[in-house]
Amino acid sequence: MMRAVRFVSQLGFSCSEETILSLERNRSLLQNISVERILVEFDKLLQGPLVKKALQLLLDTELYAFMPGFQSKGQALAEAAKLDLQKLESLDEQWATILYFITEVTDIEEFLRNWRMPTKRIRHIQSLLRLLKDNECDFTDKMLLYTNGLDDCLSANRIRNLLTNKVLDENEASIRQQWVALPIQQISQLAVNGTHILQWTKKAKGPWIRAILHTITEKVIYEEIPNELDAIKKEVQRCNLI
């Protein structure tokens, strides 16, 4: 049954009235199929050029109600089905867009674990949805870019543009330009590390080191201080961070 709907998306097939009636009549049997198999078919469905038509068929036949977590989410899925999901660049972007209507950020992990998704993929979709749910979030913000990375910010920007009926790559050039201009793009590029902090104080190791490194990172990212060992040490001492 999922394969029939997937063929609608991938190959442009149209289901006969007899097939649609069979899907409606036998939809409950989907719960006897392994979740892993349903995930494979649904992922392939999302990758098709006619995903909107396929999602509508899931809705019309109520087959969606027997997919993990979608039982009472028909209206939310219908909202997602209105979008041109095929324009997005990855499966995770498509999943994050659908889940934007389906669930809250705090519920995503449980929802996707029920789909037997790998943990790494769950974490990625969570990150994208967290960015999306923050409507005030500016993807060109330096610290946001540093924390989430270029790829996730570009993905979230594409999804937000899709949700707001904008050109998908709007603002992309600004995000890329800001990324290139960052003083550092990962923690290993910071001129200091925990060892330096310990050398500057007689305190025992502890979570306070991470807090100081975070403060230093923010100051470097926003160019309040240069990413230089001596300059950072002076700032740490000036602010009584150690």
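So, here is what we can say about the structure in this document.

**Here's the deal with helix 3 (residues 35-46)**
When the terminal C-alpha atoms of helix 3 are compared, their 16 Å separation across 12 residues agrees well with the 16 Å that a helix rising 1.5 Å per residue should span. If you check which residues of helix 3 are buried, you get Val35, Ile38, Leu39, Glu41, Phe42, Asp43, Leu45 and Leu46. Looking at the buried positions of helix 3, the neighbouring elements they touch are helix 1 (2-11), helix 4 (51-61), helix 6 (91-102) and helix 8 (119-133).

**Re the nonpolar core**
Core analysis: the biggest nonpolar cluster contains 48 residues, and Phe42, Leu58, Met67, Trp95 and Trp115 have the highest contact counts within it. Broken down by secondary-structure element, the contributors of at least two residues to this core are helix 1, helix 3, helix 4, helix 5 (74-81), helix 6, helix 7 (108-113), helix 8 and helix 10 (150-163). Counting 28 residues, the second-largest nonpolar core is a separate cluster that includes Ile184, Ile197, Leu213 and Ile232.

**As for the packing of helix 4 against helix 5**
To characterise two packed helices, one gives the angle between the axes of the helices and the distance between these axes. The contact between helix 4 and helix 5 brings their axes to 9 Å, and the two run at 165°. With respect to each other, helix 4 and helix 5 are oriented roughly antiparallel. You can see that helix 4 and helix 5 cross each other, and the crossing is left-handed. Where helix 4 approaches helix 5, its residues Lys52, Leu55 and Leu59 are matched on the opposing element by Gly74, Leu77, Ala78 and Ala81. Of the residues contributing to the contact of helix 4 with helix 5, the split by class is 5 nonpolar, 1 polar and 1 charged.

**Things to note about unusual backbone geometry**
For asparagine 165, which is not glycine, the phi torsion reads 60° and is therefore positive. Within the secondary structure, asparagine 165 is located in the loop between helix 10 and helix 11 (172-181). Judged by relative accessible area, asparagine 165 falls into the exposed class, the value being 72%. The backbone phi angle of glutamate 223 is positive, close to 60°, even though this residue is not glycine. Along the chain, glutamate 223 falls in the loop between helix 13 (208-221) and helix 14 (229-238).

Reading the values: the criteria
- Residues numbered from 1 in each chain as written.
- Predicted model: local features only at pLDDT ≥ 70, side-chain atom pairs only at ≥ 80, totals over all residues.
- Heavy atoms only, no water.
- Helix = DSSP H or I, 4+ residues; strand = E, 2+ residues; numbered from the N terminus.
- Expected span 1.5 Å × (residues − 1).
- Buried < 20%, exposed > 50% of the residue type's maximum accessible area, 1.4 Å probe, protein only.
- Contact = heavy atoms within 4.5 Å.
- Core = buried A, V, L, I, M, F, W, Y, C linked by side-chain atoms within 4.5 Å.
- Axes fitted to C-alpha atoms, helices over the stretch in contact; angles between N-to-C directions.
- Parallel < 35°, antiparallel > 145°, perpendicular 65-115°, else oblique.
- Left-handed = near helix turned anticlockwise from the far one by under 90°.
- Nonpolar A, V, L, I, M, F, W, Y, C, P; charged D, E, K, R; others polar.

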